[in-house]
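Close look at the chain arrangement
For reference, the chains in residue letters:
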Amino acid sequence: MSNPIVVTGSASGLGAALARRFSAEGASVIGVDRHDADVVADLGTPDGRSQAVAEVERLSGGSIDGLVSCAATTPIDPDPANVVSVNYFGMLAILDELLGCLTAGEGRSAVAISSIGAAHGPFDEELNRVLMAGDEPAARQAAADGTDYRSAIAYNAAKLGVALGVRERAESWARAGVRLNCVAPGRMETPMLEGLLADPVVAAGVDAMPSGIRLSASPDEIGGAVHFLLGPDASFVHGQVLFVDGGVDAQLRPTEI
């Protein structure tokens, strides 16, 4: 690959681990985040997304070899409306708006980051419906209904929307010649997890999940799956949602695929 790889959410957690991995392999990386990145932008706003895309296009010359849409805010964000804007609308907008740069590149592959919460909730079906309708103002209003721990509900809805959004794009992206897949991590040792465990109510929900092979993974372990999906060894993998969770999803849904 001779063109850059774009990683959103590159300043911390999984995004930072991926940026380090690609850089160590000699790839050029364009990191996107709200701070400490090549492109500083807020993907929670339409203007921020447009700014990020314009800067990536400028820095890359219009051609990129890979894209990881990873930027996300936490389930304990004080603003649940921001959760749906960043974690759903921002994540998918970056994919859609950089598709042209991917078609001009060589690697032609993208990965979006979902979560085990996409499969196991808890959910608000009305929020899910409004979110999937693609109406961001309505989704923001539905997310921020004033009830407790609403950001956790919004987080799960957004991550489910991302996984479904990847599946829905499989046909059109295949026609464009670009692979698109999704990784749904389980419990991962990041600053986000530290924040969740500091809240006793949220921590109880996290701890109620089965442990799988072991309790949690490092960002580098999750990054290995993303790296595989982005690379040539996954050349026939497209439109998939890969749970990288130590077997938790299989334990919770042993009769479903």
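Predicted model, so just to flag it, every value in this text is computed and none were measured. (Residues numbered from 1 in each chain as written. Predicted model: local features only at pLDDT ≥ 70, side-chain atom pairs only at ≥ 80, totals over all residues. Heavy atoms only, no water.)

Here we come to the environment of I5. Mapped onto the secondary structure, I5 falls in strand β1 (residues 5-8). Judged by relative accessible area, I5 falls into the buried class, the value being 5%. When the C-alpha atoms of I5 and E57 are compared, they prove to be 12 Å apart, with 52 residues separating the residues in sequence. Those residues in contact with I5, other than ones at most four positions away along the chain, are F22, A27, S28, V29, I30, G66 and L230. (Helix = DSSP H or I, 4+ residues; strand = E, 2+ residues; numbered from the N terminus. Buried < 20%, exposed > 50% of the residue type's maximum accessible area, 1.4 Å probe, protein only. Contact = heavy atoms within 4.5 Å.)

Using the criterion set out here, one finds 1 aromatic pair in the structure. For the ring pair Y88 and F89, a centre distance of 4.8 Å and an interplane angle of 85 degrees mean the geometry is edge-to-face. Each member of the pair, Y88 as well as F89, is classed as buried. (Phe/Tyr/Trp six-rings, centres within 6.5 Å; stacked < 30°, edge-to-face > 60°.)

Time to look at the pairing of β1. Of the two faces of β1, the one carrying I5 and V7 and the one carrying V6 and T8 are both buried. As judged from the 4 bridges shared by β1 and strand β2 (residues 29-33), these two strands associate in the parallel manner. Its bridge partner being in β2, I5 is matched across the sheet by V29. For the handedness criterion, the β-α-β arrangement of β1, helix α1 (residues 13-24) and β2 is classed as right-handed. Pairing analysis gives 3 bridges linking β1 to strand β4 (residues 66-69), with the strands arranged parallel. By the bridge assignment for β4, I5 is matched with G66. (Pairing = 2+ DSSP bridges. Right-handed = clockwise from strand over helix to strand, strands pointing away.)

Each neighbour pair has its own omega, and for G121 with P122 the value is 5 degrees, a cis peptide bond. Looking at the element boundaries, P122 is found in the loop between α5 (117-120) and α6 (125-132). A positive phi angle, close to 55 degrees, is found at Y149, a residue other than glycine. Looking at the element boundaries, Y149 is found in the loop between α7 (136-143) and α8 (150-168). Residue class for Y149 comes out partly exposed when judged on its relative accessible area of 39%.

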